[in-house]
Structure formats: C-alpha cells, structure tokens
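Residue-level structure breakdown
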Amino acid sequence: MEKQLAELPAKAKEFEGVHRKFFKTLKHKPPKYLDTLMAQLHDATFKTTDCLQCANCCKTTGPLFTDKDITRISKHLRLKPSVFIAKYLRVDEDQDYVLQELPCSFLDTDNYCLIYEVRPKACREYPHTNQRNFHKITSITQKNLAICPAAFEIVEALRARLTN
C-alpha cells in the first residue's frame, strides 16, 4: 500500500488531461445509467479495498464540517460546539470549517477513526463515487484521484466501460 500511495499523485498527474476530458464529456452528456454504473463500480471496488490499510484521505485532506457535524461531534465528545471549534477547526478561505491540522486529530495510529460513528458527512461519503448525479461532482473527483487509490480505480473502470 505504501508504494501505491507514493505513486498515486504522479499517476493522477499523468492521467490528469485524460480524466479532465473524460469528465467534461460526462458533464455535458452523462449516460442515463451513470449513477447505477457508478454504484456498481463503487461497490465492486470497495469489496476488495480496505480503507484501514490506507487512510490517505485522513492523513492528507480534511473534510468540511457542517453545522450538523459540529453539533453531533461536539455532543459525542461532551464539548460545547464553541470549544470543539476552537480546539479542532479553523475557517478556510471559502468560509467553511475545516481541520486545523493534518493528519486528522481523530485518526488513531491503527488508521481507525476515533469518532467513526459520528464522523462528518464528508467523511461518510468519501470518495463520493457512489453519489447521485456523479457527473456534477467531477471536479471533486478529479482532486480525489491523487488521494484515494479506490477512486482512481473506480474512475478508470468507468472510463474503460464508457469509452470502449
């Protein structure tokens, strides 16, 4: 896994133009069955993918925290939301709450999430490859290809299915 993660950013960069063109086509003319196909590819990939062997998303990128996330996690940690925010979050350039530092403060040494049951919505949905209207979030997916080996595998499988 270490080697795969080390090579992933370069691999994503190598395919960046191909993926950008592919996603542009998807945005303009998505197949009617795209969401069904994405769900199938996502499920198939995650049957053989163990996120606990990777956790690269938790180590390199932070999720956005919604107000609901903050309320839920604060309650779980028995902290006031203002204390939770002060201790763990900051406001980014888009005025969103994000983690103050990476890797995620809630990532344990064995790659388990210490707040898994109440983790942010963005974490629950990551890498967003089985969301409805996938063609509308391709810019997020493009970024995730350099972070998540499973996302890269899913997009390559999708590309192979739709361009052959």
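Located above this text is the structure these notes cover.
Owing to the predicted nature of the structure, the values given are computational and were not obtained by experimental measurement. (Residues numbered from 1 in each chain as written. Predicted model: local features only at pLDDT ≥ 70, side-chain atom pairs only at ≥ 80, totals over all residues. Heavy atoms only, no water.)

Turning to the packing of aromatic side chains, a few remarks are in order. Going through the model one piece at a time under the given rule, you end up with seven aromatic pairs. Where phenylalanine 84 meets tyrosine 88, the ring centres are 5.3 Å apart and the plane angle is 40°; that geometry is what we call tilted. Here the residue phenylalanine 84 and the residue tyrosine 88 both occupy positions in helix 6 (residues 81-88), the gap between them amounting to four residues, near one helical turn. Considered together, phenylalanine 84 and tyrosine 88 belong to a single accessibility category, that of buried residues. Aromatic pair tyrosine 88 and phenylalanine 106: ring centres 4.7 Å apart, planes at 40°, arrangement tilted. Linking tyrosine 88 in helix 6 with phenylalanine 106 in the loop between strand 2 (97-99) and helix 7 (121-125), this pair joins segments that are 18 residues apart in sequence. According to the relative accessible area criterion, phenylalanine 106 is buried, its value standing at 4%. Pairwise contacts between aromatic rings join Phe65, Phe84, Tyr88 and Phe106 into one cluster. Just above the ring of tyrosine 116 sits the side chain of arginine 119; from NZ or CZ to the centre is 3.8 Å. (Phe/Tyr/Trp six-rings, centres within 6.5 Å; stacked < 30°, edge-to-face > 60°. Helix = DSSP H or I, 4+ residues; strand = E, 2+ residues; numbered from the N terminus. Buried < 20%, exposed > 50% of the residue type's maximum accessible area, 1.4 Å probe, protein only. Lys NZ or Arg CZ within 6 Å of the ring centre and 35° of its normal.)

Turning next to the nonpolar core. Of all hydrophobic cores here, the largest spans 21 residues; its most connected members are Phe23, Leu26, Leu34, Met38, Phe134, Leu145 and Leu158. Mapped onto this core, the elements with two or more residues apiece are helix 1 (2-14), helix 2 (16-28), helix 3 (34-47) and helix 9 (149-163). Broken down by element, this core gets its largest block of residues, six residues, from helix 9. Excluding anything up to four places from it in sequence, methionine 38 contacts Thr129, Phe134, Ile154 and Leu158. By size, the runner-up hydrophobic cluster in this structure holds 13 residues, among which are Phe65, Leu99, Ile115 and Val118. (Core = buried A, V, L, I, M, F, W, Y, C linked by side-chain atoms within 4.5 Å. Contact = heavy atoms within 4.5 Å.)

Residue proline 103 is reached from leucine 102 by a cis peptide bond, and omega for that bond is -5°. With respect to the secondary-structure elements, proline 103 resides in the loop between strand 2 and helix 7. With an omega of 5°, the peptide bond between tyrosine 126 and proline 127 qualifies as cis. Structurally, proline 127 can be placed in the loop between helix 7 and helix 8 (138-144). Phi at histidine 128 takes a positive value of approximately 70°, unusual for a residue other than glycine. Take histidine 128: it is sitting in the loop between helix 7 and helix 8. Here histidine 128 falls in the buried class, since its relative accessible area comes to 11%.

As enumerated under the stated definition, the model contains zero disulfides in all. The cysteine cysteine 58 is free of any disulfide, with cysteine 57 supplying the nearest cysteine sulfur at 3.9 Å. Free of any disulfide, cysteine 113 has its nearest neighbouring cysteine sulfur in cysteine 104, separated by 6.2 Å. (Disulfide = S-S within 2.5 Å.)

Moving on, we come to helix 9. Taking 1.5 Å as the rise per residue, helix 9 with 15 residues should run 21 Å; its terminal C-alpha atoms sit 21 Å apart, in good agreement. Within helix 9 the residues assigned to the buried category are Pro149, Ala150, Ala151, Phe152, Ile154, Val155, Glu156, Leu158 and Arg159. Of the surrounding elements, those touching the buried residues of helix 9 are helix 1, helix 2, helix 3 and helix 8. (Expected span 1.5 Å × (residues − 1).)

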